[in-house]
Number of protein chains: 2
Amino acid sequence: MNNYIDKNRDRFLNELLDLLRIPSVSADSKFKPDMIKAAEYVRDRISEAGADRVEIFETPGHPVVYGEKIIDPALPTVLVYGHYDVQPADPYELWNSPPFEPVIKNDRIYARGACDDKGQFYMHIKALETMLATDSLTCNIKMMIEGEEEIGSSHLETFVKEHRDLLKCDTILISDTSIIANDVPSIETGLRGLTYMEVEVVGANRDLHSGVYGGGVANPINVLCEMIASLKDENGHITIPGFYDQVQELSQAERDALNAAPFDLDEYKKDLVIDDVAGEKGYTTIERTSIRPTLDVNGIWGGYIGEGAKTVLPSKANAKISMRLVPNQTDQEICALFTKHFESIAPASVKVKVTPHHGGLPYVTPTDSVEYEAASLAMEESFGKKPIPTRGGGSIPIVALFEQELGQKSILMGFGLDIDALHSPNESYGLFNYYKGIETIPLFFKHYARLKK
Amino acid sequence: MNNYIDKNRDRFLNELLDLLRIPSVSADSKFKPDMIKAAEYVRDRISEAGADRVEIFETPGHPVVYGEKIIDPALPTVLVYGHYDVQPADPYELWNSPPFEPVIKNDRIYARGACDDKGQFYMHIKALETMLATDSLTCNIKMMIEGEEEIGSSHLETFVKEHRDLLKCDTILISDTSIIANDVPSIETGLRGLTYMEVEVVGANRDLHSGVYGGGVANPINVLCEMIASLKDENGHITIPGFYDQVQELSQAERDALNAAPFDLDEYKKDLVIDDVAGEKGYTTIERTSIRPTLDVNGIWGGYIGEGAKTVLPSKANAKISMRLVPNQTDQEICALFTKHFESIAPASVKVKVTPHHGGLPYVTPTDSVEYEAASLAMEESFGKKPIPTRGGGSIPIVALFEQELGQKSILMGFGLDIDALHSPNESYGLFNYYKGIETIPLFFKHYARLKK
């Protein structure tokens, strides 16, 4: 099988590069035509790989691509999930090369979506091709590649509900996460949830002269800053009433296991070029970024932001604010608590509007399941090392939905690295990781079929 | 004289409209050619009005236009000051008509700079023309129209120092302020100073994934908000150490006189469409906007501000912050205090940079001078009502410079109104105010020449 992968190395890479050249940004409507182009490209490659029933399903948002290979209804069925949409690429000026003109440098692919998630789901298409070409597919396989993961998979819930039979499976396999290092494989057993909202603070009905009115009329930017600052106390605890009520506290043993994972704080600071980390008092960096909820302002704007100075007292100020959630918080509940609190702390001198964007539930998967065992054995075989179970800080809203609608857990067997700069300028994905994934995925099917017997 | 003004009404207006069509925005370098065009237009109109020695003086920044009419060295000389540069017009989408395509609606001229200061300084050119055409000029007159008032008159200090003799005068007359109402004339006897700076807060060296790093690394937007919020306490007092040390406290009698000016809080709130005013505890709105210093964020930006949601933990956040100053604060001292304090409150997890933009000293002029008396009599004659002395909240940095370099006080005989929306979309200037100014200015010269005898 590795033989076949070696023989087709270059083609496997070039096909991914062609996919990366399509700017499939789901958040920005001006890229709508590229979203369709990307979906069609994925459909054609899945069908070339040898899948049946390959088709594009329209949704009220961006389309879903589906394909399957049912070799024997008696065999277990694996549903592979991925997403062909990517994060916006701006700020463009910080990219060393254009985000949608992939380049290979020091054995890494540089492009928006190189790792998240084009590079990672495309490994599955090439793994499928490899298994069929070498006649070594041991399970039935279904593939669903969506186009709205970066904007909350808002229409996928309806799609999954309406296609329960089509998506029926024994487990779900997803590559959209990272390993600790190329010589320290790991599998994510938990994910944080997310709730994301946009807030607007309005003062006077028009921009004002800061000399004529300054000091006498509320400045919405100052007010927004004060409101945001008040959302955390001096220990980094979030002050929204009820915010922590449902938070699942881990036992000391569980926390110790988590902190046992290799982590070098000095390396971490050096990589980010910061003098110090920051976060909730009483928790380590690993804990702050995995088992604790957060509140981050993702964007803020108001007043004059052009060149030079303008002495304006602006009419309004806006911010995008998101919270990462942990078991057992729900995005709906936290969104409601945030909205109620944020409106309640607004002074009478301004008007406040909160607009929810999207959310997703947190997720935990057990490490004693057949599925986890199969993934662990597959990685151990390809990496020559038993993978470490970790808890991730990111969110894949869909996994909670799968559990609820399809009644199956998801296995998060990802191959990225922290240095891949997801959501950042100069996102990249290692060639080692790309080919290692294509090599590992068939091993999962092999072990899974055996263990399921 | 009013006869001559009436006969030339339309031409006087059309000349101003032509000036308003030139987008002379000093803050934005892309308008540099328009700045030169505006300067040349002003030069030509001054010369047509009948002035001598009309010329454009280059500076390292935007040019200064000068012209004079010396009818008799024995007579007192009045230096008229104004500025042909305007504030940036954005946000453009909030204008009902394009900012540089003036339109007349309900007897008002709508355009950027209609009042501040093109409409107001152009009255002086037409007043000069009128006085010369009707042979009624009673003093020598010098005119200096600069192009950098909206960006702090940064190069005018050097220019004034280098042209002390050219600018030698007995008093300075400026129309760049407002009256209380068209039936309640007033003269500003004080102005607030200004210090303006840009701040930058930098966290990690790149934008980060808010899931992978969120909670463990400082978010520069959250930090900037916390730092800005901490600059004021719950009573609206500014917390920068030493900020109030030099502030001139007014006697209760002075405060009572100030608060005696006609002011309707309900009207004020209705005009701004706000439920409540805001500001420093223990002071009225009139006091907050005139005799008390302020701290306002004029602009803020950071992270993702495009359409939709992006779960980014940004690398940096920026803000433009200005403070209005009162006697006897100095912009240099307050700028230094702010910078020292702002840097001192930055947590170790971020790096902070403060860049001063420009500043100006506060100013007070006595009401018992010959100059004030002349202005008061002129307004009383044209409005039929004795003007009320007021303290303005805005800043004209140049007046302190004039006092220091030319040894003369400035008379702030302005004709604008609060509803003119200076620095805002849909800036306007009343036709009544434009013609009333052209009619009042010659009366100032008349009374001034008589009183100076």
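This is a predicted model, so every value here is computed, not measured.

Cut-off values and rules
Sequence order as written defines residue numbering, which begins from 1 separately in each chain. For naming, the first written chain is A and the first written ligand is 1, with later ones following in the order written. Local features in a predicted model are, by the rule used here, given only for residues with pLDDT of at least 70; side-chain atom pairs are given and counted only at 80 or more, and totals for whole chains, interfaces and linings are based on all residues. To get the side-chain values, all heavy atoms of the structure are used, and hydrogens and water are removed first. At least two DSSP bridges between two strands are needed for those strands to be called paired. Elements are defined by DSSP. Helices are runs of H or I of four residues or more, strands are runs of E of two residues or more, and each kind is numbered from the N terminus. All axes are obtained by fitting lines to C-alpha atoms, using only the stretch in contact for helices, and the reported angles, taken between N-to-C directions, cover 0 to 180 degrees. By definition, residues are in contact when any of their heavy atoms lie within 4.5 Å. Accessible area, probed at 1.4 Å, shrinks when two parts are joined; the buried area is that loss added up over both. Between Lys or Arg on one side and Asp or Glu on the other, a salt bridge is scored when a side-chain nitrogen of the former is within 4 Å of a carboxyl oxygen of the latter. We define a polar contact as two N or O atoms separated by no more than 3.5 Å, with the added condition that, inside protein, one atom must be a possible hydrogen donor and the other a possible acceptor, whereas residues neighbouring each other in sequence contribute only through side-chain atom pairs. Throughout, the ten residues Ala, Val, Leu, Ile, Met, Phe, Trp, Tyr, Cys and Pro are labelled nonpolar, Asp, Glu, Lys and Arg are labelled charged, and all others, Gly among them, are labelled polar. When a residue's accessible area, from a 1.4 Å probe over protein chains only, is under 20% of the maximum for its type it is buried; when over 50% it is exposed; and in between it is partly exposed. In what follows, roughly perpendicular refers to angles from 65 to 115 degrees, roughly parallel to angles under 35, roughly antiparallel to angles over 145, and oblique to any angle outside these ranges. Left-handed describes a crossing whose near helix is turned anticlockwise from the far helix by less than a right angle; the clockwise case is right-handed. The span one expects for a helix is its residue count, reduced by one, times 1.5 Å. When the copies are superposed, the least-squares fit takes in the C-alpha atoms of residues with a pLDDT of at least 70 in both. UniProt positions are given in the numbering used here, feature names are shortened, and annotations may be inferred rather than shown by experiment. Only Phe, Tyr and Trp rings are paired, with Trp represented by its six-membered ring, and only when their centres lie within 6.5 Å; those with planes under 30 degrees apart are stacked, over 60 edge-to-face, the remainder tilted. Either the NZ atom of lysine or the CZ atom of arginine qualifies as a charge over a ring when it sits within 6 Å of the ring centre and within 35 degrees of the ring normal. A pair of cysteine sulfur atoms is labelled a disulfide when the two atoms are within 2.5 Å. Where a domain begins and ends is set by an automatic assignment or by a domain database.

## Overview of the sheet that holds strand β18 (residues 428–430) of chain B
All names here are of chain B.
- Strand order across the open sheet formed by 3 strands is β4-β5-β18, with antiparallel pairing between neighbours. In this open sheet, the two edge strands, each paired with only one partner strand, are β4 (103–105) and β18. With direction set aside, neighbouring strand axes in the sheet form an average angle of 30°.
- In this structure, strand β5 (residues 108–110) lies alongside β18, joined through 3 bridges in antiparallel fashion. The residue of β18 that forms the bridge with R108 is G430.
- Contacting β4 and β5, helix α2 (residues 9–20) runs over the sheet at an angle of about 20° to β5.
- The sheet contacts of helix α14 (residues 431–452) involve β4, β5 and β18, and relative to β18 the element is tilted by about 60°.

## Side note on the interface of chain A and chain B
- Opposite the 86 residues of chain A that make contact, chain B presents 86 residues.
- Both sides together, the interface formed by chain A and chain B hides about 7,300 Å², and carbon and sulfur atoms give 51% of it.
- Looking only at chain A, the three residues that lose the most surface to chain B are I300, A309 and K310 of chain A, adding up to 8% of its buried area.
- Between D271 of chain A and R206 of chain B there is a salt bridge, with its nearest N and O atoms 3.0 Å apart.
- Linking chain A with chain B are 43 residue pairs in polar contact (both at pLDDT 80 or more).
- Where the side of chain A that touches chain B is concerned, the elements lending two or more residues are β9 (193–202), β10 (208–209), α7 (220–229), α9 (265–272), β11 (296–303), β12 (312–313), β13 (316–325) and β14 (351–360) of chain A.
- For the side of chain A that touches chain B, the element with the highest residue contribution is β11 of chain A, accounting for 8 residues.
- Of the residues assigned to the side of chain A that touches chain B, the class counts are 34 nonpolar, 30 polar and 22 charged.
- Here β11 of chain A pairs with strand β11 (residues 296–303) of chain B via 5 bridges, running antiparallel.

## Some thoughts on the pattern of salt bridges
Residues and elements named next belong to chain A.
- Under the defined criterion, the tally for this structure stands at 50 salt bridges over all chains.
- For E280, the salt bridge identified is with R292, shortest N-O distance 2.7 Å. Separated by 12 residues along the polypeptide, E280 in the loop between α9 and α10 (285–288) and R292 in the loop between α10 and β11 bring together distant segments of the chain.
- By relative accessible area, which is 5% here, E280 ends up buried.
- Among the charged side chains, a network of salt bridges with common partners joins R11, E15, K126 and E129.

## Focus: the packing of helix α2 (residues 9–20) of chain A against helix α3 (residues 32–49) of chain A
All names here are of chain A.
- Contact pair α2 / α3: the axes reach a minimum separation of 10 Å and the direction vectors enclose 160°. On the basis of the axis angle, α2 is roughly antiparallel to α3. Pair α2 / α3 crosses with left-handed handedness. Residues E15, D18 and L19 of α2 lie in contact with α3, whose contacting residues are Y41, V42 and R45.

## Details of helix α11 (residues 331–344) of chain B
- Taking 1.5 Å of rise per residue, 14 residues should cover 20 Å, and α11 of chain B covers 20 Å from first to last C-alpha, within 8% of that figure.
- Among the residues of α11 of chain B, D331, I334, C335, F338, T339, H341 and F342 of chain B are the ones counted as buried.

## Here we look at the relation of the copies chain A and chain B
- Expressed as a screw operation, the relation of chain A to chain B combines 0.0 Å of axial shift with a rotation of 180°, fitting to an RMSD of 0.1 Å. Given the turn and translation reported, the copies of this chain are related as if by a two-fold rotation axis.
- Comparing interface residues between copies, 100% of those in chain A also sit at the interface in chain B, which points to an isologous, same-surface contact.

## Quick look at the pairing of β13 of chain A
All names here are of chain A.
- Counting buried residues along β13, 9 of its 10 residues qualify, which places the element largely inside the surrounding structure.
- By the bridge criterion, 10 bridges tie β9 to β13 in an arrangement that is antiparallel. Bridge pairing in β13 links E200 to N318.

## So, the environment of Y41 of chain B
- Summarising the element assignment, Y41 of chain B is placed in helix α3 (residues 32–49).
- For the pair Y41 of chain B and I22 of chain B, spaced 19 residues apart in the sequence, the C-alpha separation amounts to 9.3 Å.

## Comments concerning the UniProt feature "domain: Peptidase M20 dimerisation" (unreviewed entry) in chain A
- Mapped onto the present numbering, the UniProt feature "domain: Peptidase M20 dimerisation" (unreviewed entry) falls on residues 190–347 of chain A.
- Within the segment residues 190–347 of chain A, helix and strand shares are 28% and 22% respectively, and the terminal C-alpha atoms sit 39 Å apart.

## Brief notes about the side chain of R45 of chain A
Residues and elements named next belong to chain A.
- As for its placement among the helices and strands, R45 is situated in helix α3.
- Overall, the relative accessible area of 13% leaves R45 in the buried class.
- Those residues in contact with R45 that lie beyond four places of it in its chain are E15, Y122 and I125.

## Description of the packing of aromatic side chains
- Counted by the stated rule, this structure contains 27 aromatic pairs over all chains.
- Between the aromatic rings of Y268 of chain A and Y213 of chain B, the centroid separation amounts to 5.8 Å while the plane-to-plane angle is 35°, which identifies the pairing as tilted. Of this pair, Y268 of chain A sits in helix α9 while Y213 of chain B sits in the loop between β10 (208–209) and α7 (220–229), which puts the two residues in different chains.
- A ring pair is formed by F338 of chain A and F342 of chain A, whose centres lie 5.2 Å apart and whose planes are at 15°; its orientation type is stacked. Separated by 4 residues within a single helix, F338 of chain A and F342 of chain A lie in helix α11 (residues 331–344), roughly one turn from each other. Of the two residues, F338 of chain A and F342 of chain A, neither departs from the other in class, the shared state being buried.
- These aromatic residues form a ring-pair network of at least three members: F57, Y66 and F159 of chain A.
- Over the ring of Y41 of chain A we find R45 of chain A, and its NZ or CZ is 4.5 Å from the ring centre.
- The positively charged end of R9 of chain B is found above the aromatic ring belonging to Y435 of chain B, 3.8 Å away from the centroid.

## Concerning the state of the cysteines
- Enumeration according to the criterion identifies 0 disulfides over all chains in this entry.
- Between C225 of chain A, a cysteine without a disulfide, and C225 of chain B, which holds the nearest cysteine sulfur, the sulfur-to-sulfur distance is 3.8 Å.
- Judged by its relative accessible area of 0%, C225 of chain A falls in the buried class.

## Things to note about unusual backbone geometry
All names here are of chain B.
- Cis geometry marks the peptide bond from D90 to P91, where omega comes out at 5°.
- Of note, P91 is situated in the loop between β3 (77–83) and β4.
- Here P327 and N328 are connected by a cis peptide whose omega angle stands at 0°.
- As for its placement among the helices and strands, N328 is situated in the loop between β13 (316–325) and α11.
- Positive phi outside glycine occurs at R53, with the angle close to 50°.
- Structurally, the position occupied by R53 is in strand β1 (residues 52–57).

## Let's talk about helix α4 (residues 118–133) of chain A
- Between its terminal C-alpha atoms α4 of chain A stretches 22 Å, which fits the 22 Å expected from 16 residues at 1.5 Å a residue.
- Across the 16 residues that make up α4 of chain A, a large majority, 14, are buried.

## Topic: the domain arrangement of chain A
Residues and elements named next belong to chain A.
- Under the domain assignment used here, chain A contains domain 1 (1–191 + 362–452) and domain 2 (193–247 + 293–360).
- The distance between the C-alpha centroids of domain 1 and domain 2 comes to 35 Å.
- At the interface, 10 residues of domain 1 touch 10 residues of domain 2.
- At the boundary of domain 1 with domain 2, total buried surface from both sides reaches about 710 Å², with 62% on carbon and sulfur atoms.
- Sorting the residues of domain 1 by area buried against domain 2 places P362, S395 and P397 first, and these three jointly supply 59% of that buried surface.
- On inspection of domain 1 and its partner domain 2, the count reaches 0 salt bridges.

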